[in-house]
Amino acid sequence: LYVLIGAGALVIGTGLLAVFHFLYHVTPALRTRADLAFAIVVINVAAGFFGQFPYGIMQAHHDFVRMNKIRIAGQAVRLALIYLFLTRDASLVWLAVVQLTTMVFEYVVASGAVGRLVSQSHLRFRIFDRRMLREILSFSVFVLLLQVA
């Protein structure tokens, strides 16, 4: 479900990038950097939905302490990267790069933690029960709509 939402966010974000490029007047000196920053943020938002997958597994196993430690480490990395990049060249592109780098860092660390947490489990699509999968998907959509409302 999150992969589909991420794909939708990528499509919508790409359309918004075109709208941003053609409707907003940005000085030519900043146009390329603004478009690049916008594109990186769109990729970050779309990938962020996929990046929630390891956290969902940790929540299912009630491993909140490990999940919070990873998120705190991600915030520490974000703070260090913001200081490092913005002291050299303060621009929106570097802020977008920091966001994307932090998301990738958290995903890699969380995926490794999940790999150790459920090392005996393997994801195989051919063993899924279609009826059960349909029930889980419909409930997931229901919960997603409740969270949006």
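None of the values given here were measured: they were computed from a predicted structure.

## So, the pattern of salt bridges
Okay, step 1: The full count for this structure, using the stated rule, is 4 salt bridges.
Okay, step 2: With a shortest N-O distance of 3.8 Å, Asp35 and Arg31 are connected by a salt bridge. With Asp35 and Arg31 both in helix α2 (residues 28-51) and 4 residues apart, the pair spans about one turn of that helix.
Okay, step 3: According to the relative accessible area criterion, Asp35 is buried, its value standing at 16%.
Okay, step 4: Exposure remark for Arg31: the relative accessible area of 15% places this residue in the buried category.
Okay, step 5: Residue Asp63 pairs with Arg66 through a salt bridge whose shortest N-O separation is 3.3 Å.
Okay, step 6: Looking at Asp63, the relative accessible area reads 14%, which means it is buried.

## Here we look at the nonpolar core
Okay, step 1: Grouped together as the largest cluster of nonpolar side chains are 8 residues: Tyr55, Met58, Met67, Ile70, Ala110, Ala113, Val114 and Val118.
Okay, step 2: Counting residues per element, the ones that place at least two in this core are α3 (53-60), α4 (64-88) and α5 (92-117).
Okay, step 3: The leading source of residues in this core is α5, at 3 residues.
Okay, step 4: Those residues in contact with Ala110 that sit more than four places away from it in its chain are Pro54, Tyr55, Met58 and Ile70.

## Digging into a nonpolar patch on the surface
Okay, step 1: Together, Ile12, Leu16, Val19, Phe22, Leu23 and Tyr24 line one region of the surface with nonpolar side chains, adding up to about 680 Å² of accessible area.
Okay, step 2: Mapped onto the secondary structure, Phe22 falls in helix α1 (residues 2-23).
Okay, step 3: Judged by relative accessible area, which is 63%, Phe22 ranks as exposed.

## Section: the side chain of Ser91
Okay, step 1: Relative to the helices and strands, Ser91 resides in the loop between α4 and α5.
Okay, step 2: Excluding anything up to four places from it in sequence, Ser91 contacts Arg33 and Leu86.

## Here's the deal with α3
Each α-helix turn comprises 3.6 residues. Residues three or four places apart therefore point the same way.
Okay, step 1: For α3, the set of buried residues is Pro54, Tyr55 and Met58. For α3, the arc enclosing every buried residue in end-on projection is 100 degrees, short of the 170-degree limit, so these residues lie on one face.
Okay, step 2: Elements that come into contact with the buried residues of α3 comprise α2, α4 and α5.
Okay, step 3: One or two steps after α3, the chain reaches His62, where phi turns positive at roughly 55 degrees.

About the cut-offs
- Residues numbered from 1 in each chain as written.
- Predicted model: local features only at pLDDT ≥ 70, side-chain atom pairs only at ≥ 80, totals over all residues.
- Heavy atoms only, no water.
- Salt bridge = Lys/Arg side-chain N within 4 Å of Asp/Glu carboxyl O.
- Helix = DSSP H or I, 4+ residues; strand = E, 2+ residues; numbered from the N terminus.
- Buried < 20%, exposed > 50% of the residue type's maximum accessible area, 1.4 Å probe, protein only.
- Core = buried A, V, L, I, M, F, W, Y, C linked by side-chain atoms within 4.5 Å.
- Contact = heavy atoms within 4.5 Å.
- Patch = residues over 30% accessible without salt bridge, like charges linked within 9 Å, V, L, I, M, F, W, Y side chains within 5 Å.
- Areas by Shrake-Rupley, 256 points an atom, 1.4 Å probe, with all protein chains shown as cover.
- Arc of directions from axis to C-beta.

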